[in-house]
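Fold and contact review
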Amino acid sequence: MPMDEAVLTLQTWLSPGYPVGAFAYSHGLERAVAEGRVRDAATLEDWLRDVLDHGAGRSDAVLFHAALAGDPEADATARAFAGSAPRLRETLDQGAAFARVTGAVAGAPAPPEAYPVAVGRAARSLDIPAPLACAMYLQAFAANLVSAAQRLAPVGQTAAMSVLSRLAPLCHAVARDTQGTDLDDLAGSAFLSDICAMRHETSPAKVFRT
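Residues numbered from 1 in each chain as written. Predicted model: local features only at pLDDT ≥ 70, side-chain atom pairs only at ≥ 80, totals over all residues. Heavy atoms only, no water.

**Quick word on the overall build of the chain**
The condition is simple: Secondary structure elements are defined from DSSP: runs of H or I of at least 4 residues count as helices, runs of E of at least 2 residues count as strands, and each element is numbered from the N terminus. Each radius of gyration reported is based on C-alpha atoms, and the globular scaling rule is 2.2 Å times the count of residues to the power 0.38. Partly exposed residues are those whose accessible area sits between 20% and 50% of the maximum for their type, while under 20% is buried and over 50% is exposed, using a 1.4 Å probe and protein chains only.
Secondary structure assignment for the chain yields 10 helices and 0 strands. Beginning at the N terminus, the succession of helices and strands in the chain can be written as α-α-α-α-α-α-α-α-α-α. Relative to the globule expectation of 17 Å for 210 residues, the C-alpha radius of gyration of the chain, 16 Å, shows essentially globular dimensions. The principal-axis extents of the C-alpha atoms in the chain amount to approximately 45 × 35 × 30 Å. By residue count, 49% of the 210 residues in the chain fall in the buried class.

Listed below in structure tokens is the structure:
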């Protein structure tokens with residue numbers, strides 16, 4: 001497949017219109033807004049930088065690269081590494097939806113796996129440079145959370161897009177840093193994000209599933 005066609009294919013898989021239900025998950029951000037931790041564009045950017053560099057963004061990148069390299073333990077490790085039941089449900093629901101749709105379109109059924117693993121395995125057929133493919137995955141991850149924040153906090157369209165633009169270099173950096181890593185390099189220290197994801201499960205009123 002030509003490189004330009006491959007990039008467009010991956011862009012389609014990661015677009016908001018791809019039916020993985022990403023719009024239904026806030027990754028704990030809804031609880032962070034409810035607690036006043038994220039209240040404007042500046043605090044949103046700080047929150048997302050921590051998640052990308054020290055939390056699920058970086059761990060997803062390690063898992064993505066492992067799946068892209070064909071590591072058979074990537075899915076089992078992704079499930080074990082999920083920090084809470086809501087996080088596990090989020091990655092499995094999206095991964096199963098991605099595998100179902102992508103397999104149906106390609107005419108080749110794919111097994112349901114954790115989301116970064118499912119995308120990484122599918123991307124093996126595209127022959128896109130690993131850092132670029134991973135950076136695109138991370139940018140889509142960040143874009144979904146920015147979109148969630150627009151529905152939850154006083155963050156307007158221009159401010160939201162400015163935040164996403166400023167996060168682009170970090171997405172590229174994390175993608176480059178995690179290339180060549182393996183599953184033993186998985187780590188995470190965005191503890192407040194994990195705690196908010198767990199607290200969200202018992203929230204009396206919810207807009208998002210996580």
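Having seen it, we continue.
**A closer look at the packing of aromatic side chains**
Defined as follows: Whether two aromatic rings pair depends on their centres lying within 6.5 Å, for rings of Phe, Tyr and Trp, where Trp uses its six-membered ring; planes under 30 degrees apart make the pair stacked, over 60 edge-to-face, and the rest tilted.
Scanning the model with the defined rule gives 5 aromatic pairs in all. Consider the rings of Phe64 and Tyr137, whose centres lie 5.5 Å apart with planes at 35°: the pair is tilted. With a gap of 73 residues between them, Phe64 in helix α4 (residues 56–68) and Tyr137 in helix α8 (residues 130–152) connect regions that are remote in the sequence.

**A few points about the side chain of His27**
We count it as follows: When checking whether two residues touch, look at their non-hydrogen atoms; a contact exists if any pair is within 4.5 Å.
Counting through the fold element by element, His27 comes out in the loop between α1 (3–13) and α2 (29–34). For His27, the residues in contact, after removing those within four places along its chain, are Val51, Ala56, Arg87, Glu90, Phe141, Leu145, Ser193 and Thr210.

**Considerations on the environment of Val20**
Here Val20 shows up in the loop between α1 and α2. The spacing of Val20 and Pro204 is 184 residues in sequence and 25 Å in space, taken between C-alpha atoms.

**What about the packing of α8 against helix α9 (residues 157–178)?**
Helices that pack against each other are described as a pair by the angle of their axes relative to one another and the distance between those axes. As a reminder, the rule being used: For helices, the fitted line uses only the C-alpha atoms of the stretch in contact; every axis is such a line through C-alpha atoms, and the angle between N-to-C directions lies from 0 to 180 degrees. Orientation is classified from the angle alone, with under 35 degrees giving roughly parallel, over 145 giving roughly antiparallel, 65 to 115 giving roughly perpendicular, and any other angle giving oblique. By definition, turning the near helix anticlockwise from the far helix through less than a right angle yields a left-handed crossing, and turning it clockwise yields a right-handed one. Amino acids are sorted into nonpolar (Ala, Val, Leu, Ile, Met, Phe, Trp, Tyr, Cys and Pro), charged (Asp, Glu, Lys and Arg) and polar (every other residue, Gly among them).
Relative to each other, α8 and α9 sit at 150°, their axes nearing to 8 Å. Relative to α9, the element α8 is oriented roughly antiparallel. For the pair α8 and α9, the crossing hand works out as right-handed. Mapping the contact onto sequence places Pro131, Cys134, Ala135, Leu138, Gln139, Ala142, Ala143, Val146 and Gln150 in α8 and Gln157, Ala160, Met161, Val163, Leu164, Leu167, Cys171, His172, Val174, Ala175, Arg176 and Thr178 in α9. Residues belonging to the contact of α8 with α9 are distributed by class as follows: 15 nonpolar, 5 polar and 1 charged.

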